Amino acid sequence: MQTELRFDRWYTPLAVSVGLGPKRSALRTESGNLHVKMGWAFTADIPLTSITNAEATNKRAYTAGVHFAFGRWLVNGSTKGLVALTIAPPVQAKMWRKSVTVSELWLSVTDPDAFVAACQAKQPG
């Protein structure tokens, strides 16, 4: 998968200053799992087989970072390049120091099409 979490130019200095910047974030598929990390604030390992839907969305995010609202988690460094994942069964993720249940996750990514394809592959790698 040739994509990573997307960060807007305005947000990058703030994210770096609080430990959530691009160098402390990760987005990769390996061994049949999607690994998502945004600094110390959010970490999840999601089996690709649990991603029941992955689609790019043009809906707007009005914030950046790690947030929960309207039944979904938003992990983003940008208001652009958003991809919405539906996860069933829900998975446990780590948000700061506590475990949270994630059934819907929106991510900002540099290449939404490549990311959606990788999430739909359902095969290790």
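Scroll up to find the structure this text is about.
Residues numbered from 1 in each chain as written. Predicted model: local features only at pLDDT ≥ 70, side-chain atom pairs only at ≥ 80, totals over all residues. Heavy atoms only, no water.

A. Seen up close, the environment of Ser108. Within the secondary structure layout, Ser108 lies in strand S8 (residues 98-108). For Ser108, a relative accessible area of 0% corresponds to the buried category. When the C-alpha atoms of Ser108 and Pro22 are compared, they prove to be 12 Å apart, with 86 residues separating the residues in sequence. Discounting chain neighbours no more than four positions away, the residues touching Ser108 are Glu4, Leu5, Arg6, Val75, Asn76, Gly77, Ser78, Lys80, Gly81 and Leu82. (Helix = DSSP H or I, 4+ residues; strand = E, 2+ residues; numbered from the N terminus. Buried < 20%, exposed > 50% of the residue type's maximum accessible area, 1.4 Å probe, protein only. Contact = heavy atoms within 4.5 Å.)

B. Representation of the pattern of salt bridges in the model. A full pass over the atoms with the stated rule returns 2 salt bridges. In this structure, Glu30 engages Arg28 in a salt bridge whose closest nitrogen and oxygen atoms are separated by 3.3 Å. Between Arg72 and Glu104 there is a salt bridge, with its nearest N and O atoms 3.5 Å apart. Here Arg72 is found in strand S6 (residues 72-76), whereas its partner Glu104 is found in strand S8, with 32 residues between them in sequence. By relative accessible area, Arg72 is classed as partly exposed at 22%. (Salt bridge = Lys/Arg side-chain N within 4 Å of Asp/Glu carboxyl O.)

C. Structural context of unusual backbone geometry. Between Ala88 and Pro89 the backbone carries a cis peptide bond, its omega angle lying at 0°. Within the secondary structure, Pro89 sits in strand S7 (residues 82-95). The phi dihedral of Ser31 is positive, around 50°, even though this residue is not glycine. The exposed category is assigned to Ser31, whose relative accessible area is 63%.

D. Region of the structure containing a nonpolar patch on the surface. A cluster of nonpolar side chains, Leu14, Val18, Trp40 and Trp96, forms an exposed patch at the surface whose accessible area comes to about 440 Å². You can see Trp40 is positioned in the loop between strand S2 (33-38) and strand S3 (42-47). (Patch = residues over 30% accessible without salt bridge, like charges linked within 9 Å, V, L, I, M, F, W, Y side chains within 5 Å. Areas by Shrake-Rupley, 256 points an atom, 1.4 Å probe, with all protein chains shown as cover.)

E. Representation of the nonpolar core in the model. If you look at the biggest cluster of nonpolar residues, it comprises 33 residues, and the most contacted ones within it are Leu34, Phe42, Leu85, Val102, Leu105, Leu107 and Phe115. Of all the secondary structure elements, the ones that give two or more residues to this core are S2, S3, strand S4 (51-56), S6, S7, S8 and helix H2 (112-120). Among the elements that line this core, the one with the most residues is S7, at 5 residues. Dropping the residues within four chain positions of it, Phe42 is found in contact with Val36, Lys37, Val66, Trp73, Val75, Ala93, Lys94, Val102 and Leu105. Ranked by size, the runner-up nonpolar core spans 5 residues in total, among them Leu74, Leu82, Ala84 and Trp106. (Core = buried A, V, L, I, M, F, W, Y, C linked by side-chain atoms within 4.5 Å.)

F. Highlighting the side chain of Asn76. Tracing the backbone shows Asn76 in strand S6. Engagement of the side chain of Asn76 in a polar contact is seen with the backbone oxygen of Thr63, the distance being 2.9 Å. Separated by 2.8 Å, the side chain of Asn76 and the backbone oxygen of Ser78 make a polar contact. Ignoring anything within four residues of it in the chain, the contact list for Asn76 reads Tyr11, Met38, Ala61, Thr63, Ala64, Gly65, Leu82 and Ser108. (Polar contact = N/O pair within 3.5 Å; in protein donor to acceptor, adjacent residues only side chain to side chain.)

G. Expanded view of the packing of aromatic side chains. Taken as a whole, this structure holds 4 aromatic pairs when the rule is applied. Between the aromatic rings of Phe42 and Trp73, the centroid separation amounts to 6.0 Å while the plane-to-plane angle is 45°, which identifies the pairing as tilted. In this pair, Phe42 sits in strand S3 while Trp73 sits in strand S6, placing the two residues 31 residues apart along the sequence. Aromatic side chains Phe68 and Trp73 sit 5.1 Å apart centroid to centroid with 50° between the ring planes, which places their arrangement in the tilted category. A relative accessible area of 7% means that Trp73 is categorised as buried. An aromatic cluster is defined as three or more aromatic residues linked by ring pairs; in this entry it consists of Phe7, Trp10 and Tyr11. Just above the ring of Trp106 sits the side chain of Arg72; from NZ or CZ to the centre is 4.1 Å. (Phe/Tyr/Trp six-rings, centres within 6.5 Å; stacked < 30°, edge-to-face > 60°. Lys NZ or Arg CZ within 6 Å of the ring centre and 35° of its normal.)

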